[in-house]
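Coordinate inspection notes
Each chain, written out:
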Amino acid sequence: MVSIDIIKIMITKTSIENLKNSIDIVDIISNFIQVKKSGANFTACCPFHGEKTASFVISPSKQIYHCFGCQVGGDAIKFIMEFEKLTYPEAIEKLATLSNFSLEYDDNYQRQDYSVIEKLNGYYQKLLVSNQEASEYLKSRGISSFSIEKFELGFAPSSNETVNYLKNNFLNLSDGKDFGIIDYGQGGVYARFIDRITFPIYNNTSKLVGFGGRTISGHGAKYINSPQTKYFNKSKLLYGYNIAKDHIFKEKQIIITEGYLDVIMLHQAGFQTAVATLGTALTSEHLPLLKRSEPKVILAYDGDKAGLNAAYKASNLLSQNGYDGGVVIFGDGMDPADMVMNRKMDILKDMFTNTKPFAEYCIDYICDSHDLFNPNDKQKALNEVNDYFKSLTPIMQQSYVPYVSSRLNINSNLLNLANEHHGRAQKRMNLSQIDIAELSIIKTMLEMESLVASVLNIINEDMFQTHRNEFNLLLNDKDDPLLRALLLQEEVKIYSVEDLNNQLMILLVPYYNKKLQLVTNDKTIDFKEKSRQIRALKDNIDFIKKGDINSLTMI
Ligand SMILES: [Zn+2]
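Residues numbered from 1 in each chain as written. Predicted model: local features only at pLDDT ≥ 70, side-chain atom pairs only at ≥ 80, totals over all residues. Heavy atoms only, no water.

**Quick word on the overall build of the protein chain**
When you go through the protein chain residue by residue, the secondary structure sums to 25 helices and 18 strands. When the backbone C-alpha atoms are referred to their principal axes, the protein chain occupies close to 80 × 70 × 55 Å. Sorting the 555 residues of the protein chain into buried and exposed places 47% on the buried side. Pairs at least 24 residues apart make up 66% of the contacts formed inside the protein chain by residues separated by at least 6 positions. Carbon together with sulfur atoms contributes 49% to the accessible area of the protein chain, which is approximately 28300 Å² in total. (Helix = DSSP H or I, 4+ residues; strand = E, 2+ residues; numbered from the N terminus. Buried < 20%, exposed > 50% of the residue type's maximum accessible area, 1.4 Å probe, protein only. Contact = heavy atoms within 4.5 Å. Areas by Shrake-Rupley, 256 points an atom, 1.4 Å probe, with all protein chains shown as cover.)

This is the structure we're talking about:
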């Protein structure tokens, strides 16, 4: 079926802007939950996670909300979307109704037309049936004809055949380029997928956005994906999610594998919550998709080095973000697809039931990558475990103390348990002076963008002791929940330009002194260079003493 995504663009932009300007977030949220005034802000018990103390804060001046417990947040539209489980345009309409606002609709709307990729997918599916080599390959991997239909597997022919198909059916070539199906080279237009079995990839609203392709002629890489397009972002998508979605919500479980064939074969064997990342590790961009159903996450990865490493990264990410679940590693060169093919369903079921919890996997991974008989190496392992612990909640840390001390064979008091964890859930109270100073600098730059360029002339991330992460987010991802929380943290002040300069200097003095010491003791740089650096550092320290921040040079 050909679908056209029109609703998003039907409401005019101006009308959305006017609506946004006419509403007040406190009024809107009060329609749904009880809010209480508290200083300059309003607080409430968060409707998105069960809680008895109010950690949900609404700021009338910034028109945003943020939950310090579960990190949700955003503007009024976001609240309606999350609370009422609506799409963006639906939320806009709901908001308009709530505030008696008449929206304007655009009758000249621009259509996002999926017909090129959808029709091509149909063409590829037909070609698979008549292609013996591709069909034989799928059969040899144990894939049933039912699965071929369910997953819409197809076959991409020669470049010319694809291009002619598009032309003969009067399909829009420029749309084809937007979808990454074709591109323009020196010899004219050419197809991206040639002589490959195609695996159509859908996004989370079940729109076809790209393909994965496996070569059968041995041309180029074994597997390729569609290129990055405005529709296709491989770090956000999960293969098979459109088919697994209902099962994921129902069973509260998701099995994440590494390959297309793993997904198809697992579904074939009744494990219908299986999906795969697209040739990348699991990233934080995947988390919103996972969060929707709050499933138990099972990572089903290969036992090779790449697989173990990917499982470690993903376990780290998931445990820090409070996901339940664990890891299954497939050894002996067997992947999930092979297991199904060899009818080892019972063993698979057992493996998925008895997963290794993420934290345990991370601790094991750290321990296994060090020689624990060597005291120096063991110390390194301990440091890494301590670092990892900092990203966990206090309860999680506490629960893994016995495990770590037995794995490392050390006394548990060598473990550094933090009272508050420094992961995604940023602590709210008990900020130290240094925290407040660093955070205030970041908050000031967040509020007064015009200052950023001049501040960046004199500081970099190395100068931050505890809030390097927020500093980097300021430069790279201003929408991060950590920064949103910062905007609402009242104990963190916004500085005047003068205070900002004073605080920067307080931050810079210990930094330059330390650096001076390092350079003085460094035996690897030659005398001339060393003198130059020492002079520059001493000059900077002098400038700071005189309060002359404008003369500082970055060293
Ligand atoms: Zn919350």
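So, next bit.
**Overview of the pairing of strand β17 (residues 325–330)**
Put simply, side chains in a regular strand alternate between the two faces of the sheet. Along β17, five of the six residues are buried, which leaves the element largely enclosed by surrounding structure. Across six bridges, strand β16 (residues 296–302) lies against β17 in parallel orientation. By the bridge assignment, L299 is partnered in β17 with V327. Taken together, the two bridges between β17 and strand β18 (residues 356–357) define a ladder with antiparallel strand orientation. Note on β18: the bridge partner recorded for G326 is P357. (Pairing = 2+ DSSP bridges.)

**Re the packing of aromatic side chains**
To describe a pair of aromatic rings, you give the distance between the ring centres and the angle between the ring planes. Scanning all chains against the criterion turns up 25 aromatic pairs. Relative to F79, the ring of F56 lies with its centre 6.3 Å away and its plane at 65 degrees, an arrangement referred to as edge-to-face. In this pair, F56 is assigned in strand β4 (residues 56–59) and F79 in helix α4 (residues 76–84), connecting sequence segments 23 residues apart. Centre to centre, the rings of F179 and Y231 are 4.1 Å apart; their planes meet at 10 degrees, and the pair counts as stacked. With a gap of 52 residues between them, F179 in the loop between α10 (173–178) and β9 (182–185) and Y231 in the loop between β13 (223–225) and α11 (241–251) connect regions that are remote in the sequence. For the residue pair F179 and Y231, the accessibility class agrees, reading buried in each case. (Phe/Tyr/Trp six-rings, centres within 6.5 Å; stacked < 30°, edge-to-face > 60°.)

**Concerning the coordination of the zinc ion**
For the zinc ion, the full set of protein donor atoms is C46 (SG), H49 (ND1), C67 (SG) and C70 (SG), and the range of their distances to it is 2.1 to 2.3 Å. Angles of 100 to 119 degrees at the metal separate the four donor atoms of the zinc ion, which places the site in the tetrahedral class. Written as a sequence motif, the donor residues of the zinc ion are C-x2-H-x17-C-x2-C. Of this pair, C46 sits in the loop between β3 (41–44) and β4 while C70 sits in the loop between β5 (64–67) and β6 (73–74), placing them 24 residues apart in sequence. According to the relative accessible area criterion, C70 is partly exposed, its value standing at 21%. (Donors = N, O, S within 2.8 Å, 3.2 Å for Na, K, Ca; no water. Tetrahedral: all angles 85-135°; square planar, octahedral: opposite > 155°, others 65-115°.)

**As for the packing of helix α20 (residues 433–447) against helix α24 (residues 497–521)**
Two elements in contact, α20 and α24, have axes whose closest approach is 10 Å; the angle formed by their N-to-C orientations is 135 degrees. In terms of their interaxial angle, α20 and α24 are classed as oblique. Every pair of crossing elements has a handedness; the one defined by α20 and α24 is left-handed. Only L500, Q503, L504 and L507 of α24 make contact with α20, whose side of the interface consists of A437, E438, I441 and T444. Class assignment for the residues of the contact of α20 with α24 results in five nonpolar, two polar and one charged. (Axes fitted to C-alpha atoms, helices over the stretch in contact; angles between N-to-C directions. Parallel < 35°, antiparallel > 145°, perpendicular 65-115°, else oblique. Left-handed = near helix turned anticlockwise from the far one by under 90°. Nonpolar A, V, L, I, M, F, W, Y, C, P; charged D, E, K, R; others polar.)

**Topic: helix α12 (residues 260–268)**
By the criterion of burial, α12 is predominantly enclosed, with eight of the nine residues buried. All of the buried residues along α12 are Y260, L261, D262, V263, I264, M265, L266 and H267. Following α12 by one or two positions, G270 has its phi on the positive side, about 95 degrees.

**Side note on unusual backbone geometry**
Positive phi, close to 50 degrees, is recorded for K252, a residue that is not glycine. Along the chain, K252 turns up in the loop between α11 and β14 (253–257). You will see that R343, though not glycine, has its phi angle at about 55 degrees, which is positive.

**Details of the domain arrangement of the protein chain**
Taken domain by domain, the protein chain comprises domain 1 (4–98), domain 2 (114–225), domain 3 (241–363), domain 4 (370–414) and domain 5 (433–551). One C-alpha centre belongs to domain 2, the other to domain 5, and the line joining them spans 52 Å. (Domains from an automatic or database assignment.)

**A closer look at the sheet that holds strand β8 (residues 154–156)**
Taken in spatial order, the four strands line up as β8-β11-β12-β13 in an open sheet, and their pairing is antiparallel. With one partner strand each, in any of the chains shown, β8 and β13 form the two edges of the open sheet. Between one strand axis and the next, the sheet turns through 35 degrees on average, direction left out of account. Relative to strand β11 (residues 196–202), β8 runs antiparallel, the two being bridged by three bridges. In the sheet register, A156 faces β11, and the bridge partner there is R196.

**As for the pairing of β3**
The two faces of β3 match: N41 and T43 on one face and F42 and A44 on the other face are all buried. Here strand β2 (residues 36–38) runs beside β3; their pairing, made up of three bridges, is antiparallel. If you follow S38 over to β3, its bridge partner there is N41. Between β2 and β3, which pair antiparallel one after the other, the connecting turn spans two residues, and G39 there sits at a positive phi close to 65 degrees.

**Re the side chain of T229**
Here T229 is to be found in the loop between β13 and α11. Overall, the relative accessible area of 14% leaves T229 in the buried class. A distance of 3.1 Å separates a polar atom in the side chain of T229 from the backbone nitrogen of Y231. At 2.9 Å, the side chain of T229 forms a polar contact with the backbone nitrogen of F232. Setting aside residues no more than four positions away along its own chain, T229 makes contact with D178, F179 and G180. (Polar contact = N/O pair within 3.5 Å; in protein donor to acceptor, adjacent residues only side chain to side chain.)

**Here we look at the confidence of the model for the protein chain**
For the protein chain, mean pLDDT is 87; residues scoring 70 or higher make up 94% of the total. In this model, residues 1–8 is a region of pLDDT below 50 whose contacts with residues beyond four sequence positions or in other chains number 17 contacts. Segment residues 420–429 is flagged for pLDDT under 50; beyond a separation of four residues in sequence, or across chains, it makes 30 contacts in the model. (pLDDT = per-residue confidence, 0-100.)

**Considering the sheet that holds β5**
Backbone hydrogen bonds are what pair the strands of a sheet, in a parallel or an antiparallel way. Within the open sheet, the five strands sit side by side as β2-β3-β4-β5-β6. Their pairing is antiparallel. Of all strands in the sheet, those with a lone pairing partner are β2 and β6, marking the two edges. The strands that α4 touches are β4, β5 and β6; relative to β5, the one it contacts most, it runs at about 50 degrees. Contacting β3, β4, β5 and β6, helix α23 (residues 481–488) crosses the sheet at an angle of about 110 degrees to β5.

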